[in-house]
Every structure is written in structure tokens, then in C-alpha cells.
Amino acid sequence: MGAWLDYTINGLIVGNIYALLAVGLALIFGVSHLINFAQGSIYTAGAFIGWTCAQRLGTPLPVTMAAVVLGCAALGVVIERVGLRPLAGSARIAPLLATIGISFVLDQGLQLLYSPDPRSLPSPLPAWRIQVGRGTIGALDILIAATGLVSAAVLFGFLRFSRLGWAVRATAQDSEAARQMGVNTDAVNRTVFAIAAGLGGLSGLLVGMYYNHIDTAMSFQATLKGVVAQVIGGMGNVPGAIAGSLLLGLTESYGVALFGSSYRNLFAFVLLLIVLVLRPNGLFAGRQAMSPEPLTGTFIAPSRPWDVPRWAVAVCVLLAALLPFLPNSAYALQVLTNAWLYALLAISLTLVAGTLGQVSLGHAGLLLIGAYASALLALDSGLPVWLSIPAAGFVTAALGTALTWPAFRLRSHYVSIATLGIGEIVGLVILNWESLTHGPMGVTGVPPLTAGTVELDSPQASYWVALAVLVLLGLMQSRLLGTHLGRTFRAIRDDDVAARACGVSLDRYKGLAFAVSGFAAGISGAISAHLYSYINNETFTSQVSVLALTMVILGGMGNVLGAVIGAVALTGLPEVFRFTAEYRQLIYGLVLLLMIRFRPQGILGTA
Amino acid sequence: MSEGGSRGDLLELSGIDTFYGPAQVHFAMNLEVRRGQIVCLLGGNASGKSTTMKVILGLVKPRAGTVRFDGQDITGLSTPAIIARGIGSVPEARRLFGAMTVRENLLMGAYTRRDRAEVNHDYDRMLGLFPRVAQRINNRAGTLSGGEQQMVAMARALMGRPRLICMDEPTMGLSPLYVDRVLELIAAINKEGVSVFMVEQNASLALQIAHHGYVLRTGVIALSGPAGELARDPRIRDAYLGGERTAA
Amino acid sequence: MTQPLLSVRGLQRRFGGITAVKGANLDLCEGELLSVIGPNGAGKTTLFNLISGHDRPDGGTVRFGGVEVTGSTPERLAALGLARTFQHGRVFANLTVRDNVLMGTHSRMKLARPGPPLLGALRELFLALIRPPGVRAEEQALRREVEDILHLFGDRLIPRLDRPAYSLSYANRRRLEIARALALRPRLLMLDEPTAGMNETETAEMRTIIGQLKARGQTILLIEHKLDLVMQLSDRVIAMDDGAEIAAGTPAAVRHDPAVVEAYLGHRHMGGEQTPDAVALEASP
């Protein structure tokens, strides 16, 4: 039983860390109805500020902690001012996407400053452990618990007894009434971002010391955990966020105890989905309908798409098809093959995110399903590759639609969170379902592309296959968009209430759109698998989902040609300029931020 | 603040055009509130009454026209800046901070003030003026009845020591007993020197206590005059229920 | 008299502690125009939402076309022939005028939109891809019909057929919404404040259009604040206040009903129906 006590203690400690992240998210959501996806990056920044102070400057722990809180609070203020305030009045999803852009920029900024190598951040506390029953508690555990308690107490005091704290609460309850009392709601926003960032940074420092390990890639998981904890507790509910965090920490810890550490995140995301579907207002809210948000579900700027003449498109396709005949084009072919596969992903995403208005952040999951389906059908069932790829498309269409089904009843940013969770779940199921997927070993020796007896593994052949599939699926999608289906998808995006009043069954058309989208994404994943010859559960991560969304926004939401242009621009241009990987991520983040701010309709316009 | 020298108008709206999206709400509207008066703005549904209050408070920016308060142009100012100049607001449907206590709500009303001792003095004064509020002082505002909430909303607005208090449908949804009480309180507040601008649908009630009234109909002032005259004017009925001649 | 097209009995809806609709009853026969009036917050729009399936009642029944439809989804009611507009106007902003109206025909598409949920949906996708002649002909016929419907609004919308709805004026959006509802060929048309935000000229124009629809035999349930218009168009009027019916009958009767006058103007009579002395007496403390 001593182990159980240890697991409980561990769960509570981890829960405390999540709480420091989630409380900030809840405060921000309460005041500005925004999910701050940059929270994890601030957490990482906190860890590195702490590392700099402790390891380079040799500051004592209290000074380190103070420096982290102040440094991150300043960062939070800058994020609010530069990234978010200019977006006041845009669709609600716009600032959410902006925080994703900010997180890319911050993460890559840190990576350029500190290099991607992990670092150790030893705890300066004495190494003693107290025996409690059959478990033990160390000094650091006590520090983390104390930090959690003290932060909660200070926050409680601030909200309850200070003038500014009252303004924060009043703004969260009714910002227009608060303004009528003379509250400067911009100042309130700034304060809340500073608090959230300070606590988030502190959380990063403590985690770094707890595991004696920090690196610049830990942001995303931290954001996810904070968001999950907050959804469990109810968006914007500060005590709920603390309770949700502890519950999440315990669930994970017990899950790890029962099934092993690779299940940790699976538990977190399954819990997320269950809560989102059954109690979208969180476990602690009364069971009530979600507040309706008419016309805010989508990030669609009113614009008319550019009408690109058909002959121009045909000429471009022809030129692209002739490219392999140019001498010395091997490198360009490789880059463009990759671009065509990304373009397939982008047209898939633009259908649901742009045309249907369901901003999915889980498309990496569809790629994984397609890749594994085709690889396993070819390897384990002996299906020829030219059959396994379309089969993978159908499998992805069916499975992807079924998995996304629970999110059909959600709206706006809840869709994004749910699909993000679904995407993560796909990766984690692949990791853990060893009998089918070979687990963490991945699938090796995926056969190359063939058509009947013709080997297609030369760079030229791969290029043509990818291009041909892209052209085919792109034409199909354009054709669909010209029928009543395209009209119906767009109507659902613009106003689902009015669409239902016209007799549109939302489930049916969302299902159709996700099926078509899943087919294209599955094919893209499948072809990639055969080109890479090795895949594992991390071949496509949520970062790929975000990158695809950036391409879609760049090209113009819902615009098929725009998606292709976005994909070529974001995969091709960095190659042309020979940017290293870190700078590429930085560029993606900046592109996302700038597009949202200055050209939300994208290059070719929303369609 | 000295009142000497300035004209009698505390608040003056002139040539106001506002839009809600593409729909025009006000058409070159003019309106004045004299110092020390109670002025009511009457009108049926969707006549633009509530938007008028939002224009005064800076929540809606007019596309044309100016709002002057105490002789100064406040048209472009932010809401907190307008509140800080001495305008108090009792919003439509009260809009209390439901999860905060009554006490916290009252003190939020004094948010722009720094004179702590005076705020405490006013706080005690409010408890005297609104005994019902005093009884519920530590309850969450959301748990109060509609009438009690209206009292809290009025006390909250007064805590800012406004020279002008703006009220949006203060009697809406209240039981007759509370309606009378609210009207008495508005008159009492006015006697203490606070000017009142009040938006009301219920014309007969509002005109009982007002000095001057305006009737708004689809964004245009259709009628105005001293309250006593307005109450007897048969045209006020047409402004709400439609003219007799058109009801063929 | 034949069975009413729409029949509402004892409909109730509570939000938290507030009862927004307290036992509403109404009957509407084919070809009739019934108006619901009442001050802000009387529960008119909630009643509309309950009838059209956008909100679920806590009690009571709704029958439409002889079928019990209480708590049905809006899409089922649309398929049964119920069309509505919304209080603040809900058009598909990024769709063209033509596509907006075509959306109204959605529930009438037979060939392009086969029946059962799963297989039907897959067939629908397949048909959209190959576009057989029948499906194309159906779409063409609907497109022609769109122009017929828009001609009802004179030259307000026809010249703007291919413009996106967001570029329209407010009044044109309201017209477009009505056109979309008509494209459903509704047995019952529910209009929620069709003239809100319109000036006098536009309101008069809308009055003519609604009058034409009525003359064609269209059954209409109308919420409207401009009482001139209500009085001229309605066969019957129901006045609501505070979630309940306070008067019902012919326009003239409802207009003079003391309860209605009180609901709008206050609980003491106004506008020359009372002696000046009495007003003065009440005004003194």
C-alpha cells in the first residue's frame, strides 16, 4: 500500500503544478474569454529564466523564484499588449490562434537563445525525505505544495480584498457593467495576464527542479495539461481549475500506477473528452446549456476570394508536372513532393476549418491513422501499395469521422480543444496498442510506392504520384464545393442556428465534411509512410496540425487553391532561403500572427 | 465644482446619429438634461431608448453629433473616463456583479474614487437610505430579489458621488410595491441635488416624478415637454400604440 | 372550422428561476395571419423558439399540421414546412444572396439529398460528385425559383444576386431572410420583427409585401413592435406580458383592451383617458 501513498502524493504534487498553470488560464478565460495557448511557452520561459539565475548567476532559490515570477509577468504583459489587445473585437477564435502563433515565436526564441539541448536544473534544496506511513515526502515536494498553497492564498486575498482584485472579478462577471463603474478593463486584462504568466513561469521552474530536466520542447504538453485541467474544472472557474488540476494529477498518477507511464497522457485526454461531451461547463458547474455564441464560431473575415482563372491553374499544374524533366532538379523535387503532401493535408483541413468552420487542431491524428492503416495493410495483410493507400483513405475517413463525432455538438474554441485532444489520443493509442501498431518501436520497412509491378520509388515518380493525387483530390473538393454540399457547409459555418431552421441536419453534414477531409488527410499520411519507410507515433505531432492550420490561414480559409499555395509557401520558401529548423518554426509563428492581425482573409481570400 | 456661469444644461446631446451594425438607431437626436432636474426618455420597444443611455456612457460611439457634460465635450471619451467625470449608471436589468456580495457591489460603485474616508461615509449613508440593502449586505447580489437588486444598483451608482445618474428602465420587472419605492427614492436622490436621466417604457410612472420628458419613436424625438403637459397629451398614446387613423 | 395548422397548448419555459413563457395557448388556421405583441421581455421570442424547435419547452404541447411536434428539432420542423426568421436577422454572411435563398430550399431537395442517415449521406456525397442529369435539373429548377421569390422584393435584391450577404444593407438582410424562409415553401411562415431597424418607407414596403403574402393564402405568425403594421395586417392579435397572454382578439379589440394599454404605458391610464387633476394628484408625494 505504500506505493499507493506515493502515487497519491505524486499525483497531488503534479496536480499542484498543473494548478499553477490552470489558474492563470482560468483567470484569463474569465476576463477575456480566451484560451491562452502561449501559457506553456511562458512556463518554459520560466524554467529557463530560473536556470539562468540559478546556474549562471548563482542566485539563491528565493531570488530565483522572484526573478522568474517578475520576468514572466513582464512577458505576459507584453503578450497581452502586442498579441491580443489589437484583436479585440475580432472573432473569438482569432486571439486563440494568435496565442498559438505567440507560443511558436516564444518557443523558437528560447531555442535559439538556449539551443534545443535539454539541461539539468538541480534543486538546491537538501535531499532528505520524510517517511509518511509507507511513502516518503521530500523537501521539494513540500516546496511545491507550499508554493501552490501560498499562491492560492495570495490570489484569494488579491481577488477578495484588493481594489484591483475586485475589478478583476467584476470584469469577469460583466465587463460592460464593470466599465460603467469606471473600471479600466484594459488594465484588468494586463493584470490578469501578468498574474497568469507569473504563476505559469513559477510552475515551469518547479517542474524543472522536480524532474531535474528542462528543454525548449516542453511547452506544448504544459499548455495541454493546463487546458485539460481548466476544462475539467469549468472554463474561467478559478477554484474549479485548482480542483480540476488535482483531479487530473491524481488520475494520471493512478493511471500510471495501473498501466505504466506511457498511459499518463491518454488518461488526461480521455478525461478531457468525457468532460467536454458530458459536462462542457466543467464538473463543478450546474448542468446547463452552453452559452450560445452566434456567429463567433469561425475565423472568417468577410472577403471575396480571388477568382483565379482555370487556364492559369492548368498552366501551373502543367509546369509542375514538367519540372522533373529539368536537369539538377532532385532537391527541388524532394522539397516539392513534401509540399504536395502538405498541400493534401491543407486542403483536407481547409474543408473543415474554413468551409465548415470547425477549426480542428487534430489533423495530425488523421495523418497518423492514414499512415498506419496503409503501412499495416501493406506489411501485415500483404495488400499491394496501390490498394493500401486508397484503403487507408477510406479507413481514415470512417475512423476520423467516428472519433470526431463527439465534438460535433461543440462550438467555437471547444471544437479546437476537443479535436486537439482527439489528435493526441490517436497518437497515444498507437503508442500503447502494441499488438496492432508495434507500439513505440514504430513500423519499419514500409514498402515503397508501387503500382502493380511498376516501382515508383524514384524521386521523380514519387513527385508525380503526390502531384497527381493532389490535383485529383483538389479537383474533387472544388467540384463538391460547387454543389449544394459546399453551400450547406458554408451555411453551417456562417450560422448553424439559421442552417437548422432551413432544415439542415448538422450531424449529417459535419460528418460528410469530416469524412471527405479524413480521406484526403489519410491519403497524405499513407503516401508519406511509404516514402519515409519508417513511421512511429511521433511522425506527425500536434505541431503538424498547427502548421497545417497556418497554411490554411495563409492561403485563405476554405480556399482549395489557397491551401495549396499556403502549403508550398510554408514548406518551400524556408528551403529556398535555407533556413534552419529553429528559424522555420519562428517564421511559422510570425506568419500566423501577422496574418491574423493584418490579413485574416489570407492571400487568396476566404471562400 | 462651481455651477456659476455655465448654462443650465448639465447634459446636452446634439445631432446624434448612431448605428447598430448597418441599422440606424438615432436620427439627429437632440436632448438636454438641466441641472437638478429629473428627465425621462420614453418610448416603446426598439425606439432607441437604451442606446441613448449607451451613447451618454460612451458604450456606443455616435457616428455624428456631440455629447456635452457640464459644458465639456465627452463624445469620444472611454466609459471609465466618463464615469470619472461624475456620471453614475444604473444599467438595464441592473447588471449587478452577482457572485460578489452586496457590500462589494456598493464599493465597486466607488471604484473611481480615492477619498477613502468619504467613501466610507457615503457607504454608511447608503445603508441609511436603503435599509433593505443594509439587511442583505453580506449576501451575494445574485441571490437578491429583483426589487432588492434595483436598490443595490441605485446605491452602487450613488457611491460614485455622481452629478448625473443615468437609469435604464429602473422599474422594469418589479412588483408594484417596489415600483413605488423606487420612484420615491429617485425623487429623494434628486432632492439631494443629483440630476437624473431616466429611460422608461412605463410613461405614466416616469412622468409622475420627472420634470421634463421626451418621447422617442424609431430614433426620432416625437414629443417633448414638461412632464405634466406630456402626461395629458393624447399623442403619447399614439406614439406607443399607433395612431387611431391608421388602424383602419 | 377545420383543424388548425398550428395548435399550442399550455406551453411553458423556465430559465433559472424566471418563467419566460407561462402556459401559452394559440391556434392558427390555414391562411390566417396572427400577430403576437407585447412589451420587451414579454416572452414573444421565447414562444417563437419553442414553436420552431430552437428551444425545448418545460411543459405543454405543440401540434403542427396535425402532428405532435413538441420538442422536435428545427430541421424536422423545417421538413414539415415551418419556416422562420430571427429577431436580429440571421443570414449566411459569406454566402451570396442566391445561395442564401437556395439554402431555404434545402429541405425540398429530393434527388440530391436521399433519405436515411448513414447510407443516404454517402449517396448524397456520391451524387454531388457525379452530378447525374436529374440532380442537375433539380438544382436548375430551384435556382429559377430563387429569382421568382426575389422578384417579390422588387429591385431590392435581384440586382445583388451574386453579392455576399454581408455587403447588404440591414433592411436588405431582413428581406433576404424572408426570401430564404419563403424558399422553403412553408405551410407556416413565422416572422420575428421583420421591420426592426427599418425606416418608415422600408416599413411601408414590408407591410405591402406581407400583405401580398397573406393575399396569396400564406399562413403567417408575426411578432412585431410597430403596432400600426400589426393592426393593419392581422386577422387576430395576441398580446403577451410577463410570459402570459393578457388579451386576444381582433386588432381593434386588443388595441383598446385596458390590460394592453397598461402593459405598454403603465398601470395607470394615460393619454387623455384620465383627468389632469388625477395625474397631478398622483404626481404629488
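Within each chain, residue numbers correspond to sequence positions counted from 1 in written order. A letter from A marks each chain and a number from 1 marks each ligand, given out in the order of writing. Under the rules for a predicted model, residues below a pLDDT of 70 receive no local features and side-chain atom pairs below 80 are neither given nor counted, while totals for whole chains, interfaces and linings still include all residues. Values shown for side chains rest on all heavy atoms present in the structure; no hydrogens or waters enter the calculation.

Looking now at the overall build of chain A. Only DSSP runs of H or I covering at least 4 residues are called helices, and only runs of E covering at least 2 are called strands; the numbering of each starts at the N terminus. A count of helices and strands for chain A gives 24 helices and 6 strands. C-alpha atoms define the radius of gyration, and 2.2 Å times the number of residues to the power 0.38 defines the globule rule. Relative to its length of 607 residues, chain A is compact, with a C-alpha radius of gyration of 24 Å against a globular reference of 25 Å. Here the C-alpha coordinates of chain A stretch approximately 70 × 55 × 45 Å along the principal axes. Relative accessible area decides the class of each residue, using a 1.4 Å probe on protein chains only: under 20% of the type maximum gives buried, over 50% gives exposed, and in between gives partly exposed. Buried residues in chain A amount to 60% of all 607 residues. Contact criterion: two residues are considered in contact whenever any of their non-hydrogen atoms come within 4.5 Å of each other. A separation of at least 24 residues holds for 79% of the contacts in chain A among residues at least 6 apart in sequence. His residues and chain termini do not enter the charge count, which takes Lys and Arg as positive and Asp and Glu as negative. Charge placement uses NZ in Lys and CZ in Arg. For Asp and Glu, CG and CD serve respectively. Computing the positive centroid from 31 side-chain charges and the negative centroid from 24, chain A places the two 9 Å apart.

The next subject is helix α21 (residues 506-532) of chain A. Residue and element names in this part refer to chain A. With 27 residues, α21 should cover 39 Å at 1.5 Å per step; its first-to-last C-alpha distance of 38 Å lies within 8% of that length. Taking burial as the measure, the 27 residues of α21 include 24 buried ones, the bulk of the element. Two residues or fewer past α21, Ser533 is found with a positive phi of approximately 65°. Working rule for helices: expected span equals 1.5 Å times residues minus one.

What follows deals with the domain arrangement of chain A. Residues and elements named next belong to chain A. The split into domains, and so the bounds of each, comes from an automatic or database assignment of domains. Considered domain by domain, chain A is made up of domain 1 (2-114 + 130-278) and domain 2 (328-598). Domain 1 and domain 2 are separated by 31 Å when their C-alpha centres are compared. Domain 1 puts 37 residues into the contact, and the matching count from domain 2 is 36 residues. Here's the idea: put two parts together, see how much 1.4 Å probe accessible area each one loses, and the total over both is what we call buried area. Carbon and sulfur atoms supply 81% of the area buried between domain 1 and domain 2, which totals about 3,300 Å² over both sides.

What follows is about the sheet that holds strand β5 (residues 67-68) of chain C. All names here are of chain C. Reading across from one edge, β2-β1-β4-β5 is the order of the 4 strands in this open sheet, with antiparallel pairing throughout. The sheet terminates laterally at β2 (18-28) and β5, the two strands that pair on one side only. Strands were regarded as paired on the criterion that DSSP finds at least two bridges between them. For strand β1 (residues 6-15) and strand β4 (residues 59-64), the ladder comprises 5 bridges, and the chain directions are antiparallel. The residue bridging Leu6 from the neighbouring strand is Phe64, located in β4. Here an axis means a line fitted to C-alpha atoms, over the contact stretch when the element is a helix, while the angle between two N-to-C directions is reported on a 0 to 180 degree scale. Here helix α1 (residues 44-52) sits on the sheet in contact with β1, β2 and β4, set at roughly 115° to β1.

Take unusual backbone geometry next. Of all residues except glycine, most have a negative phi; of all peptide bonds, most are trans. We note that Asn212 of chain A has phi near 50°; this positive angle belongs to a residue other than glycine. In this structure, Asn212 of chain A sits in the loop between α8 (185-211) and α9 (219-233).

The strand order across the open sheet built from 4 strands is β2-β1-β4-β5 (chain B), with neighbouring strands paired in antiparallel fashion. Strands with a single pairing partner mark the edges of an open sheet, and in this sheet they are β2 (23-34) and β5 (72-73) of chain B.

Let us now look at the packing of helix α6 (residues 163-173) of chain A against α8 of chain A. Residues and elements named next belong to chain A. Interhelical geometry of α6 versus α8 gives an angle of 105° and a closest axis separation of 10 Å. When the axis of α6 is compared with that of α8, the two are roughly perpendicular. Residues Leu164, Ala167, Val168 and Thr171 of α6 lie in contact with α8, whose contacting residues are Thr185, Val188, Thr191 and Val192. Residue composition of the contact of α6 with α8, grouped by class: 5 nonpolar, 3 polar and no charged. Here roughly perpendicular refers to angles of 65 to 115 degrees, roughly parallel to angles under 35, roughly antiparallel to angles over 145, and oblique to all remaining angles. The nonpolar class holds Ala, Val, Leu, Ile, Met, Phe, Trp, Tyr, Cys and Pro. Asp, Glu, Lys and Arg form the charged class, and all remaining residues, Gly among them, are polar.

Let us look at the interface of chain C and chain A. The interface of chain C with chain A comprises 41 residues on the first partner and 33 residues on the second. Summing both sides of the interface, chain C and chain A together bury roughly 3,200 Å²; the carbon and sulfur share of this comes to 59%. Three residues stand out in chain C for area buried against chain A, namely Arg90, Asn94 and Leu129 of chain C, and they jointly supply 19% of the buried area on that side. Whenever a carboxyl oxygen of Asp or Glu lies within 4 Å of a side-chain nitrogen of Lys or Arg, that contact is scored as a salt bridge. There are 4 salt bridges connecting chain C and chain A. Where Glu75 of chain C meets Arg500 of chain A, a salt bridge forms, and the shortest distance between an N and an O atom there is 2.8 Å.

Residues that lie three or four places apart on an α-helix share one face, since the helix turns once every 3.6 residues. The end-to-end C-alpha distance of helix α5 (residues 139-161) of chain A is 32 Å, a good match for the 33 Å that 23 residues give at a rise of 1.5 Å each. Here α5 of chain A has its buried residues at Ala139, Leu140, Asp141, Leu143, Ile144, Thr147, Gly148, Ser151, Leu155, Phe158 and Leu159 of chain A.

In this fold, Arg487 of chain A is placed in helix α19 (residues 484-494). Here a polar contact means two N or O atoms within 3.5 Å. Within protein one must be a hydrogen donor candidate and the other an acceptor candidate, and residues neighboring in sequence count only if both atoms are side-chain atoms. A distance of 2.7 Å separates the side chain of Arg487 of chain A from the side chain of Glu139 of chain C, its partner in a polar contact.

This part covers the pattern of salt bridges. By the definition in use, this model includes 46 salt bridges over all chains. Between Glu177 of chain C and Arg174 of chain C there is a salt bridge, with its nearest N and O atoms 3.8 Å apart. Note that Glu177 of chain C and Arg174 of chain C are positioned in helix α6 (residues 170-182) at a spacing of 3 residues, about one turn of the helix. If you follow the salt bridges from partner to partner, you end up with Arg113, Asp115, Glu118, Asp122, Arg125, Arg161 and Glu192 of chain B in one network.

This paragraph deals with the domain arrangement of chain C. Residues and elements named next belong to chain C. Domain boundaries in chain C define domain 1 (6-90 + 186-283) and domain 2 (92-167). One C-alpha centre belongs to domain 1, the other to domain 2; they are set 30 Å apart. Counting from both sides, the interface comprises 9 residues of domain 1 and, opposite them, 5 residues of domain 2. Both faces combined, the contact of domain 1 with domain 2 buries some 530 Å², and carbon together with sulfur accounts for 57% of it. At the boundary of domain 1 with domain 2, the tally comes to 1 salt bridge. Where domain 1 packs against domain 2, one counts 1 residue pair in polar contact (both at pLDDT 80 or more). Elements with a contribution of two residues or more to the side of domain 1 that touches domain 2: α2 (74-79) and α7 (200-215).

Turning our attention to the packing of aromatic side chains. Ring pairs are drawn from Phe, Tyr and Trp, using the six-membered ring of Trp, whenever the two centres fall within 6.5 Å, and their geometry is named by plane angle: stacked under 30 degrees, edge-to-face over 60, tilted for the rest. What the rule picks out here adds up to 12 aromatic pairs over all chains. Ring centres of Trp4 of chain A and Tyr254 of chain A lie 5.5 Å apart, and the angle between their planes is 45°; on these two criteria the pair is classed as tilted. Taken as a pair, Trp4 of chain A in helix α1 (residues 2-32) and Tyr254 of chain A in helix α10 (residues 238-259) lie far apart in primary sequence, 250 residues in all. We classify Trp4 of chain A as partly exposed; its relative accessible area is 33%. Ring-pair connections join several aromatic residues into one group, and the members of that group are Trp4, Tyr7 and Tyr254 of chain A. In our convention, an over-ring charge means Lys NZ or Arg CZ found within 6 Å of a ring centre and within 35 degrees of that ring's normal. The aromatic ring of Phe19 of chain B is capped on one face by Arg63 of chain B, whose charged end is 3.7 Å from the ring centroid. Positioned above the aromatic ring of Phe86 of chain C, the side-chain terminus of Arg90 of chain C is 5.4 Å from the ring centre.

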